[in-house]
Every structure is written in C-alpha cells, then in structure tokens.
Amino acid sequence: LINLSSPNNVTLADAQAVAAIVDDDAAILQLAFGRATALDAVTLLREPFAATNPVYFGSDKHGRVIVFTLNLVLTPGLVVTAQAVDDQQVTHQLAVEFVGHVPSFIPQIPAEPALTQIVLKLPEGITTAGDLRVRIITRGRFSNQVVIAVKP
C-alpha cells in the first residue's frame, strides 16, 4: 500500500493506493575481458568450447556451457530460454538444461542477489571454429549479448 499525506495545493480524493513491484528486469550475463564468463559444464574449462563432448555423462554428446548472471531472481515457474547467433548469422535456439544458484557464492556486496548458473546445450551443425553471440530470455526480456568461442 502507498499512503499519500500532506498534499500542497491539491485535494486527495483517496489517500491510499495499491502498488505492485514487478521483478521484470532483464538478466545481465557476466563478462570478463569482453567475453562471456563461461565454463564447460563437464570439464569446467574456459573457451573455446567443443561442440561435441565425448566425456559428457549422458548419451547426447553435445557440448554444454555454463554462463553466469548476478541479477536473475529465481521464482517458481520462471522460464529461461536462450539463443545464439553464429558467425554465419544463423540463429540457434539453445536448450536450457539447468538454472540454479551457485551454492558456495558469497557476494562482495551483501545487497547483490545470488550468483546464478545457467547450463546451455550447444547447437548441432557447428562445422568451423567461431564465436557464438549468446543471449538469454526471461520474463519476456532479452539479456545482454555475450560471446563464446566454439570449435567443432
């Protein structure tokens, strides 16, 4: 509730109102030196990421990449999607396989929310090494675009 009081040169017909704070800010993916802060989901190594990963635990050997954001508030029913554009300007929808907080993260600024990790499955059909420009979409809003290097 919002309560208005002490008006100047106006008459309040109703001094109380209801307001809702909507958490719909776009997620901000983390960057380091102009590239995505990202790790291989299996080896935890930095880029370039292999489009296929023979050591992945499941039967699907596509590479998986973890990207990170500090401002993504996880709420029940939150839908996170992702897309990437390759060097040939082809847009790929990336499967989002996991979204969750990094449990051991301790923020330097107490007001910061938790560090969130997002595991993305790399697209099929990557035949040459190059960059993918990656964005996530939450609450109908696009994040900033980050760049990751991928190799076949």
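Just above sits the structure.
Since the structure is predicted, the reported quantities are computational estimates derived from the model, not experimental observations.

**Description of the layout of surface pockets**
Phase 1: There is about 160 Å³ of room inside the largest pocket.
Phase 2: Contributing to the lining of the largest pocket are 13 residues, with D86, Q88, I126, T127 and T128 lying nearest its centre.
Phase 3: Split into classes, the residues belonging to the lining of the largest pocket amount to 4 nonpolar, 6 polar and 3 charged.

**Looking at the nonpolar core**
Phase 1: One finds L132, V134 and I148 to be the most contacted residues of the largest nonpolar core, which totals 23 residues.
Phase 2: Elements that contribute at least two residues to this core include exactly strand 7 (64–69), strand 8 (80–85), strand 10 (116–121), strand 11 (130–138) and strand 13 (146–151).
Phase 3: The residues touching V134, leaving out its near neighbours within four places in the chain, are L29, Q83, A84, L94, L120, N144, Q145, V146 and I148.
Phase 4: Listed in part, the 6 residues of the second largest apolar core include F68, V102, L115 and V119.

**A closer look at a nonpolar patch on the surface**
Phase 1: Residues I2, L4, V10 and L12 make up a contiguous nonpolar surface patch of roughly 330 Å² in combined accessible area.
Phase 2: For L12, the location among the structural elements is in the loop between strand 1 (2–3) and strand 2 (16–17).

**Brief notes about the side chain of D86**
Phase 1: With respect to the element layout, D86 can be found in the loop between strand 8 and strand 9 (91–101).
Phase 2: Of the side chains with opposite charge, R133 comes closest to the buried, unpaired D86, at an N-O distance of 6.9 Å.
Phase 3: Within the structure, the side chain of D86 is placed 2.9 Å from the backbone nitrogen of Q88, a separation counted as a polar contact.
Phase 4: Contacts of D86, omitting those with residues within four sequence positions, involve H92, D131, L132 and R133.

**Focus on the pattern of salt bridges**
Phase 1: Summed over the entire model, instances satisfying the criterion amount to 5 salt bridges.
Phase 2: D60 is the salt-bridge partner of R64, the closest N and O atoms lying 3.5 Å from each other.
Phase 3: Salt-bridge contacts for K121 lead to D60; the nearest nitrogen and oxygen are separated by 2.5 Å. In this pair, K121 sits in strand 10 while D60 sits in the loop between strand 6 (49–50) and strand 7, placing the two residues 61 residues apart along the sequence.
Phase 4: Using a relative accessible area of 21% as the deciding quantity, one classes K121 as partly exposed.
Phase 5: Among the charged side chains, a salt-bridge network with shared partners connects D60, R64, E97 and K121.

What counts, and at which threshold
- Numbers given for residues are sequential positions, taken from 1 along each chain in its written order.
- Given that this is a predicted model, residues contribute local features only at a pLDDT of at least 70 and side-chain atom pairs are listed and counted only at 80 or more, while totals for whole chains, interfaces and linings are drawn from all residues.
- To obtain the side-chain values, all non-hydrogen atoms of the structure were used and water was disregarded.
- Here a cavity means grid points, on a 1 Å grid over the protein atoms only, where a 1.4 Å probe fits yet cannot get out; a pocket means an open set of points with protein on both sides within 12 Å along at least five of seven lines; lining residues are those with an atom within 4 Å of a point.
- Grid points are joined across faces, edges and corners, and a volume is the space filled by probe spheres set on the points.
- Following the grouping adopted for this structure description, the nonpolar residues are Ala, Val, Leu, Ile, Met, Phe, Trp, Tyr, Cys and Pro, the charged ones are Asp, Glu, Lys and Arg, and the polar ones are all others, Gly among them.
- For this analysis, a nonpolar core means a set of buried residues of the types Ala, Val, Leu, Ile, Met, Phe, Trp, Tyr and Cys, connected via side-chain atoms within 4.5 Å.
- Type-normalised accessible area, obtained with a 1.4 Å probe on protein chains alone, sets the label of each residue: buried when under 20%, exposed when over 50%, and partly exposed for intermediate values.
- Secondary structure follows DSSP: runs of H or I at least 4 residues long count as helices, runs of E at least 2 residues long count as strands, and numbering of each begins at the N terminus.
- By definition in these notes, contact holds between two residues if any of their heavy atoms fall within 4.5 Å.
- Each patch is built from residues that are more than 30% exposed by relative accessible area and take part in no salt bridge. Like charges join if they lie within 9 Å; nonpolar side chains (Val, Leu, Ile, Met, Phe, Trp, Tyr) join within 5 Å.
- All accessibility values rest on the Shrake-Rupley procedure with a 1.4 Å probe; residue burial counts only the protein chains present in the view.
- For salt bridges, the criterion is a side-chain nitrogen of Lys or Arg within 4 Å of an Asp or Glu carboxyl oxygen.
- In this count, Lys and Arg are taken as positive residues and Asp and Glu as negative ones, while His and the chain termini are left out.
- Think of a polar contact as two N or O atoms within 3.5 Å of one another; within protein, one of them needs to be a possible hydrogen donor and the other a possible acceptor, and neighboring residues in sequence only count if both atoms come from side chains.

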